Amino acid sequence: MKDLLCTTDLTAASDTALRHALVLADRLGLGVSLLHVLMKSERSDDERQEVMDAIDAQIERTGGTGRVKVLLPEGDLMEGIGTESGRGHKLGVMGTHGAHGLRQSLFGADILKLVRRSEVPSFVVQEQSPVQQSMKHIVMPVAGHPDVGRLIDTVCALARAFAAEVHVFQLVRPHEEPSEELMKNKAAMLTSLQQDGIRHVEANVPSTGFSVGFAASTIEYAKQLGAGCIAIMAHASEEYRYIADAEKERILMNDASIPVLCA
């Protein structure tokens with residue numbers, strides 16, 4: 001049976017991630033596996049026991065006692081998470097320390113590298129991301145990526161689980177013609193939501209100033225809406241590829257601490 005994979009570096013940010021994971025697991029009818037990749041400094045018997053004690057304490061304070069399976073592989077953090085994500089899990093949940101990434105050797109933009117390496121969609125939270133039993137709105141910016149199907153499927157699954165309303169967001173700029181791929185994906189998003197019976201809004205938002213990217217407008221829209229998450233493609237499309245990574249990082253580390261689904 002597929003479950004949800006939550007990563008931990010034993011910090012407050014991963015406490016938040018585990019709390020989110022438990023809520024998501026309840027809604028989706030999944031179990032939870034908690035993954036901590038042991039660094040070289042944690043592999044002796046005594047150090048391993050200290051890690052296990054810390055993990056047990058984390059599980060207890062987040063309300064996961066009796067509900068969480070613990071995974072403790074040794075190795076490189078990115079490689080360990082990437083490998084484990086391909087072992088039958090349905091969704092990944094991870095915490096980020098904003099501009100500093102995960103404590104275990106991940107800094108800044110490496111959170112984006114990590115979600116791109118994951119074999120499953122990733123739900124990324126910050127330490128301050130509020131844990132709520134309900135998710136009323138999901139904002140899904142239109143993307144020109146040729147393989148947007150997994151993002152749509154995951155958004156539909158979350159929307160069904162939480163009875164959420166999905167806002168298909170497009171920033172409309174004067175005198176700019178959207179690409180054929182982007183409009184094709186937008187139609188696919190709207191069609192999938194319609195077929196699944198999911199409440200949705202086609203949000204065509206005019207640009208209020210000069211901006212090549214989409215992050216600031218997407219975050220502002222999600223903040224005003226009180227969105228439970230923003231759903232984006234982990235990989236960049238050919239359109240705006242030269243700024244896409246920076247824009248995705250801004251969304252992942254948004255100042256409103258809104259969780260971000262990456263697929």
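Predicted, not measured: the structure shown is a model, and the values here were computed from it. (Residues numbered from 1 in each chain as written. Predicted model: local features only at pLDDT ≥ 70, side-chain atom pairs only at ≥ 80, totals over all residues. Heavy atoms only, no water.)

Considerations on the overall build of the protein
Applied cut-off: Secondary structure elements follow DSSP: runs of H or I no shorter than four residues count as helices, runs of E no shorter than two count as strands, and numbering proceeds from the N terminus. Burial classes follow relative accessibility: with a 1.4 Å probe on protein chains only, a residue under 20% of its type's maximum area counts as buried, one over 50% as exposed, and anything between as partly exposed. Only heavy atoms enter the contact rule, under which two residues are in contact if any of them lie within 4.5 Å. Each accessible area is a Shrake-Rupley estimate made with a 1.4 Å probe; only the visible protein chains count as cover when residues are assessed.
From N to C terminus, the protein includes eight helices and ten strands. Reported as C-alpha extents along the three principal axes, the dimensions of the protein are approximately 65 × 35 × 30 Å. In the protein, which comprises 263 residues, the proportion classed as buried is 53%. When contacts within the protein are restricted to residue pairs at least 6 apart in sequence, those whose partners lie at least 24 apart make up 82%. Surface summary for the protein: the accessible area is close to 12000 Å², and the carbon and sulfur share equals 49%.

A few points about the pattern of salt bridges
Basically, it comes down to this: Put simply, a salt bridge is a Lys or Arg side-chain nitrogen that is within 4 Å of an Asp or Glu carboxyl oxygen.
A complete count under the given rule lists twelve salt bridges for this structure. Here the residues in one salt-bridge network are Glu220, Lys223 and Asp255, joined through shared partners.

Brief notes about the packing of aromatic side chains
Note the cut-off: We call Phe, Tyr and Trp rings a pair once their centres come within 6.5 Å, taking the six-membered ring for Trp, and we label the pair stacked below 30 degrees between planes, edge-to-face above 60, and tilted otherwise.
Counting across every chain of the model gives one aromatic pair. The interplanar angle of 45° and the centroid separation of 5.1 Å between the aromatic rings of Phe169 and Tyr221 together place this pair among those described as tilted. Highlighted residues: Phe169 in strand 7 (residues 165–172) and Tyr221 in helix 7 (residues 215–225), separated in sequence by 52 residues. With respect to burial, Phe169 and Tyr221 carry one shared label: buried.

Some thoughts on the pairing of strand 9 (residues 229–232)
Along a regular strand, successive side chains alternate from one face of the sheet to the other. Stated precisely, the cut-off is as follows: At least two bridges found by DSSP between two strands are what make those strands a pair.
Every second residue of strand 9 is oriented toward a common face, with Cys229 and Ala231 on one face and Ile230 and Ile232 on the other, all of them buried. Here two bridges tie strand 6 (residues 137–141) to strand 9, and the two strands are oriented parallel to one another. Bridged to Val139 within strand 9 is Ile230. Inspection of the sheet shows strand 9 paired to strand 10 (residues 260–262) by three bridges, in the parallel sense.

Section: the pairing of strand 2 (residues 32–35)
Our working rule: With the strands pointing away from the viewer, any crossover whose connection runs clockwise from the first strand over the helix to the second is right-handed.
Here strand 2 shows a buried face lined by Val32 and Leu34 and a second buried face lined by Ser33 and Leu35. Here strand 1 (residues 4–7) runs beside strand 2; their pairing, made up of four bridges, is parallel. If you follow Leu5 over to strand 2, its bridge partner there is Ser33. Crossover handedness for the path strand 1 to helix 1 (residues 12–28) to strand 2: right-handed. Pairing between strand 2 and strand 3 (residues 68–71): four bridges, direction parallel.

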